[in-house]
Protein chains: 2
Amino acid sequence: VTSANNPGRVSIREVAERAGVASSSVSRVLSGHPDVSEDMKARVLSAVAQLRYAPDPFAQSLRRQTSMSVGFAASNISNPILTETMIGAERVLRRHGYSMLMTDAEGTVELDIENIETLRRRRVDGLLLSVTDEQQSDVRQLLSDIDVPVVLVDRDVPTGLAIPRVYFDHASGMASAAQRLWELGHRSVVVISGGPRLPARERLAGIQSVFQTRGGTFLVIEKPFTVEHGSEAIAEVLAMRPRPTAVVAAGNLYTRGALVELRKRGVAIGRDLSLVGCDDITIAQLHQPAVAIVSREPRRAGEVAARLLLAHLDGSDAPTETELRLPTLFVDAPSVAEPNTKR
Amino acid sequence: VTSANNPGRVSIREVAERAGVASSSVSRVLSGHPDVSEDMKARVLSAVAQLRYAPDPFAQSLRRQTSMSVGFAASNISNPILTETMIGAERVLRRHGYSMLMTDAEGTVELDIENIETLRRRRVDGLLLSVTDEQQSDVRQLLSDIDVPVVLVDRDVPTGLAIPRVYFDHASGMASAAQRLWELGHRSVVVISGGPRLPARERLAGIQSVFQTRGGTFLVIEKPFTVEHGSEAIAEVLAMRPRPTAVVAAGNLYTRGALVELRKRGVAIGRDLSLVGCDDITIAQLHQPAVAIVSREPRRAGEVAARLLLAHLDGSDAPTETELRLPTLFVDAPSVAEPNTKR
């Protein structure tokens, strides 16, 4: 016999027996069904109280067809910006009763697609996406077919779709960095960048807005977004004649690779070559000289994205066109200096 | 009508119709059931070939009660060692047809428990665990109750349980570091460490094995495992009189915090204070002077752990007592030097 002191173990059937009604009637009372007599309601609620019945939250979520879990599909968890974003999102979701499951795609479109499908199969109620290429046709198709709320994190909305998103104003931070380089006398800049997607495109646009309108020159080395390619790009920069006076490593992984390569080659950053990096505050501060960076708050992006997703999970008709923009900030440091024309 | 050129859409019912048998018979043939006549087998296989029937892998996994997904419950994804481990594990699992779902616990026992429960509710087939405190009684209970294969990653097996694990030989790398400090003339060392669990305990044991047996002194500052606490510990070290000559930041997050604080305080690492750190190769190399570290291969740990889990998912009777130990390596650098006794 089930004890009333063990409320977790009381079943809906036992409540029904005690109340002298059918199990389905108990369900109807507990789900607030309108078509229930006052007498029925009183009998069921009295039995619930006597038996200290508590509905199983998992069974409940099965009935409601919700899992109280959210998926975060990340392009690349070896990027600390993304793990910080995930931590921010998870904190907000947890506070609202949701668990967060994460996947990693190692920067490949194929894995992004597999991961989104896996998360859907595991019945997540919603998705936060920071995928490798949101405009790729299969990804676009998947996003247009998807049947749960989605929020994009620092990505573009694929053409023709209406998906809420949170993103950073990468252009303005980069424009400030370019402005600083220009003021110091740099008239050309090499940008290590990663193609037509966010955030690469907007970072480039920010630099371009300063150098091109003023008649400076502007060179882009396009590489896949990894530490190793940051090093590779610096090797190319150092082989150029005349040697460029300023480089912007437009991404934290490029910055890491650039610093390693410049150290290896014995280049005096600041004196021989001005360098602007991205995001990695600890490395920027620990490096000698300290590295000027365009910085942002990834945890905040995660928090804001989670809140936006929660608004859509609520079942309310939150507008799917919502776009929330967060700032980026140029942090000056001695890695940026006047061009050394006597070199 | 389903086209034979569209094999993904052919249902088991269509195969049954073509073969002139019941759907259940098709299932029996395809699952290799022994109680099937040769005639039945021939008719079904012929129909399968004609219709180019391919079983739906998801439907198949539902029937088999497997989800072809594995959970990785991490204590703290802001630690790059863990994300690297996850990447290694995911690569191996994917090659074997499994997706990997990850969770983060921000270094708290409560979230570890919630996350493991969430992953089980999402019906993962197995779990990789690198939790905050595997000996905590609720975690122990959960691990003893769990009904899917588990592999522990760089954690102890909780008392009384038999769970396979992969871990690093933290003691030996740390003993080499301590040996180097001793040879240079250091007779006391302060260790920034994090309590009685792996890897903290074994790192401490490695240093102790050198300093205590030789009659040196050995002081431990125990702190929660975060960057901020690494900074805090260094502030305490610098307040000690006589000032210690050598510090081991026994964890990558402590190392980061220690370096930031030492820079802030203007301490000349190497000359004024010898420092041994952990794991973060890029920072260790970029720092001036370069930082001596105890290093390891977290991706390999992830790969090995995933292979161990796959052996158990196979349904084979792989021994649950399996323990696989991976090496750690002391990498010397100028952050470690003779004690400056003239200070």
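Residues numbered from 1 in each chain as written. Chains lettered and ligands numbered in written order. Predicted model: local features only at pLDDT ≥ 70, side-chain atom pairs only at ≥ 80, totals over all residues. Heavy atoms only, no water.

**Q** I'd love a proper account of the relation of the copies chain B and chain A, names of residues and values included.
**A** Least-squares fitting of chain B to chain A yields an RMSD of 0.5 Å, with the superposition described by an axial translation of 0.1 Å and a rotation of 179 degrees. These values place the two chain copies in the arrangement generated by a two-fold rotation axis. Every residue of chain B has its C-alpha some distance from the rotation axis, and the shortest such distance is that of Met102 of chain B, at 2.3 Å. Most of the interface of chain B is mirrored in chain A: 100% of its interface residues are interface residues there too. (Least-squares fit on C-alpha atoms with pLDDT ≥ 70 in both. Contact = heavy atoms within 4.5 Å.)

**Q** For the side chain of Asp125 of chain B, give the residues involved together with the corresponding values.
**A** Residues and elements named next belong to chain B. Relative to the helices and strands, Asp125 resides in the loop between helix H6 (109-121) and strand S3 (126-130). Buried within the structure, Asp125 lacks any salt-bridge partner; Arg120 is the closest side chain of opposite charge, at an N-O distance of 6.5 Å. In terms of polar contacts, Asp125 uses its side chain to reach the backbone amide nitrogen of Ser67, at 2.8 Å. Within polar-contact distance, the side chain of Asp125 engages the backbone nitrogen of Met68 at 2.7 Å. (Helix = DSSP H or I, 4+ residues; strand = E, 2+ residues; numbered from the N terminus. Buried < 20%, exposed > 50% of the residue type's maximum accessible area, 1.4 Å probe, protein only. Lys, Arg positive; Asp, Glu negative; His and termini not counted. Salt bridge = Lys/Arg side-chain N within 4 Å of Asp/Glu carboxyl O. Polar contact = N/O pair within 3.5 Å; in protein donor to acceptor, adjacent residues only side chain to side chain.)

**Q** Describe the interface of chain B and chain A, naming the residues involved and giving the relevant values.
**A** The partner chain A presents 37 residues to the 37 residues of chain B that form the contact. Approximately 3600 Å² of surface area, both sides summed, lies buried where chain B meets chain A, with 58% of it carried by carbon and sulfur atoms. Among the residues of chain B in contact with chain A, Met102, Arg122 and Leu286 of chain B are the three that bury the most area, contributing 21% of the side total. Salt-bridge contacts for Arg91 of chain B lead to Glu106 of chain A; the nearest nitrogen and oxygen are separated by 2.4 Å. (Buried area = accessible area lost by both parts, 1.4 Å probe.)

**Q** Provide a residue-level description of the packing of helix H1 (residues 12-19) of chain A against helix H3 (residues 38-51) of chain A, including the pertinent values.
**A** All names here are of chain A. Where H1 contacts H3, the axes come no closer than 8 Å and their chain directions differ by 120 degrees. Between H1 and H3, the angle is such that the two are oblique. For the element pair H1 and H3, the recorded crossing hand is right-handed. In this structure, H1 uses Glu14, Val15, Arg18 and Ala19 to contact H3, whose residues at the interface are Arg43, Val44, Ala47, Val48, Gln50 and Leu51. (Axes fitted to C-alpha atoms, helices over the stretch in contact; angles between N-to-C directions. Parallel < 35°, antiparallel > 145°, perpendicular 65-115°, else oblique. Left-handed = near helix turned anticlockwise from the far one by under 90°.)

**Q** Would you mind going over the sheet that holds strand S10 (residues 292-295) of chain B in detail, with residue names and values included?
**A** Residue and element names in this part refer to chain B. An order of S7-S6-S8-S9-S10-S12 is seen for the 6 strands of this open sheet, with the pairing classed as mixed. Single-partner strands in this sheet number two, and they are strand S7 (217-222) and strand S12 (329-331). Across the sheet, the axes of successive neighbouring strands diverge by a mean angle of 20 degrees, strand direction being ignored. Bridging between strand S9 (residues 274-278) and S10 involves 3 bridges; their strand directions are parallel. If you follow Val276 over to S10, its bridge partner there is Ala292. (Pairing = 2+ DSSP bridges.)

**Q** Report on the packing of aromatic side chains, specifying residues and quantitative values.
**A** All names here are of chain A. The final tally for this structure, using the stated rule, is 4 aromatic pairs over all chains. Ring centres of Trp182 and Phe211 lie 5.3 Å apart, and the angle between their planes is 85 degrees; on these two criteria the pair is classed as edge-to-face. With Trp182 in helix H8 (residues 170-184) and Phe211 in helix H9 (residues 200-211), this pair connects stretches of sequence that are 29 residues apart. The same class applies to Trp182 as to Phe211, namely buried. Here the aromatic rings of Phe225 and Tyr254 are separated by 4.9 Å at their centres, their planes lie at 75 degrees, and the arrangement is edge-to-face. Placement of Phe225 in the loop between strand S7 (217-222) and helix H10 (227-239) and of Tyr254 in helix H11 (residues 252-265) is noted, with a sequence separation of 29 residues between them. Since its relative accessible area comes to 33%, Phe225 is described here as partly exposed. (Phe/Tyr/Trp six-rings, centres within 6.5 Å; stacked < 30°, edge-to-face > 60°.)

**Q** So what about the nonpolar core? Which residues, and what values?
**A** In terms of nonpolar packing, the biggest core is built from 54 residues, with Phe72 and Leu128 of chain A together with Phe72 and Leu128 of chain B touching the most fellow members. Other than its neighbours up to four places away in sequence, Phe72 of chain B contacts Leu82, Thr85, Met86, Ala89, Met100, Leu101, Met102, Thr103, Leu119, Leu128, Ser130 and Val153 of chain B. (Core = buried A, V, L, I, M, F, W, Y, C linked by side-chain atoms within 4.5 Å.)

**Q** Tell me about the pattern of salt bridges, and please be specific about residues and values.
**A** Under the defined criterion, the tally for this structure stands at 46 salt bridges over all chains. Linked through salt bridges whose partners overlap, the residues forming this network are Asp156, Arg165, Arg201, Glu202 and Glu323 of chain A.

**Q** Give a detailed account of the pairing of S7 of chain B, specifying residues and quantitative values.
**A** Pairing analysis gives 6 bridges linking strand S6 (residues 188-193) of chain B to S7 of chain B, with the strands arranged parallel. Counterpart to Ser188 of chain B in the pairing with S7 of chain B is Thr217 of chain B.

**Q** Describe the pairing of strand S5 (residues 165-168) of chain A, with residues and values.
**A** The side chains of a regular strand alternate between both faces of the sheet. All names here are of chain A. Alternating residues of S5 divide into Arg165 and Tyr167 and Val166 and Phe168, and every residue in both groups is buried. Both strand S4 (residues 150-153) and S5 contribute to a ladder of 2 bridges, which runs parallel. The residue of S5 that forms the bridge with Val153 is Val166.

**Q** Explain the packing of H1 of chain A against helix H2 (residues 23-30) of chain A to me, using residue names and the numbers behind them.
**A** Residues and elements named next belong to chain A. In contact at an axis separation of 8 Å, H1 and H2 are set at 100 degrees when each is read in the N-to-C sense. Here H1 is positioned roughly perpendicular relative to H2, judged by the angle of their axes. Across from Ile12, Arg13, Val15 and Ala16 in H1, the residues of H2 making contact are Ser23, Val26 and Ser27. Split into classes, the residues belonging to the contact of H1 with H2 amount to 4 nonpolar, 2 polar and 1 charged. (Nonpolar A, V, L, I, M, F, W, Y, C, P; charged D, E, K, R; others polar.)

**Q** Outline a negative patch on the surface, listing residues and values.
**A** Residue and element names in this part refer to chain A. Among the surface-exposed residues, Glu110, Glu114, Glu117 and Asp138 lie close enough to one another that they form a single negatively charged patch. With respect to the element layout, Glu117 can be found in helix H6 (residues 109-121). For Glu117, a relative accessible area of 35% translates into the label partly exposed. (Patch = residues over 30% accessible without salt bridge, like charges linked within 9 Å, V, L, I, M, F, W, Y side chains within 5 Å. Areas by Shrake-Rupley, 256 points an atom, 1.4 Å probe, with all protein chains shown as cover. Charge placed at Lys NZ, Arg CZ, Asp CG, Glu CD.)

**Q** Summarise the sheet that holds strand S12 (residues 329-331) of chain A; cite the residues concerned and give the values.
**A** All names here are of chain A. Strand order in the open sheet formed by 6 strands is S7-S6-S8-S9-S10-S12, and the pairing between neighbours is mixed. Across the chains shown, the open sheet's two edge strands, defined by having one partner strand only, are S7 and S12. Ignoring strand direction, the axes of neighbouring strands in this sheet form an average angle of 20 degrees. Where strand S6 (residues 188-193) and strand S8 (residues 246-249) come together, 3 bridges link them in parallel fashion. Residue pairing across strands places Val190 opposite Val247, the latter belonging to S8. Running at roughly 145 degrees to strand S9 (residues 274-278), H11 makes contact with S6, S8 and S9 of the sheet.

**Q** How would you sum up helix H13 (residues 298-313) of chain A? Please name residues and give values.
**A** Because an α-helix packs 3.6 residues into every turn, residues spaced three or four apart end up facing the same way. The end-to-end C-alpha distance of H13 of chain A, which contains 16 residues, comes to 22 Å, matching closely the 22 Å that a straight helix rising 1.5 Å per residue would cover. Taken together, the buried positions of H13 of chain A are Pro298, Ala301, Gly302, Val304, Ala305, Ala306, Leu308, Leu309, Leu310, His312 and Leu313 of chain A. (Expected span 1.5 Å × (residues − 1).)

**Q** Give me the lowdown on the side chain of Thr255 of chain B, citing residues and values where you can.
**A** Residue and element names in this part refer to chain B. On the secondary structure map, Thr255 appears in helix H11 (residues 252-265). Its relative accessible area of 5% is what places Thr255 among the buried residues. Among all residues touching Thr255, those that are not within four sequence positions of it are Ala249, Gly277 and Cys278.

Remember that the coordinates give geometry; whether it matters functionally is a separate question.
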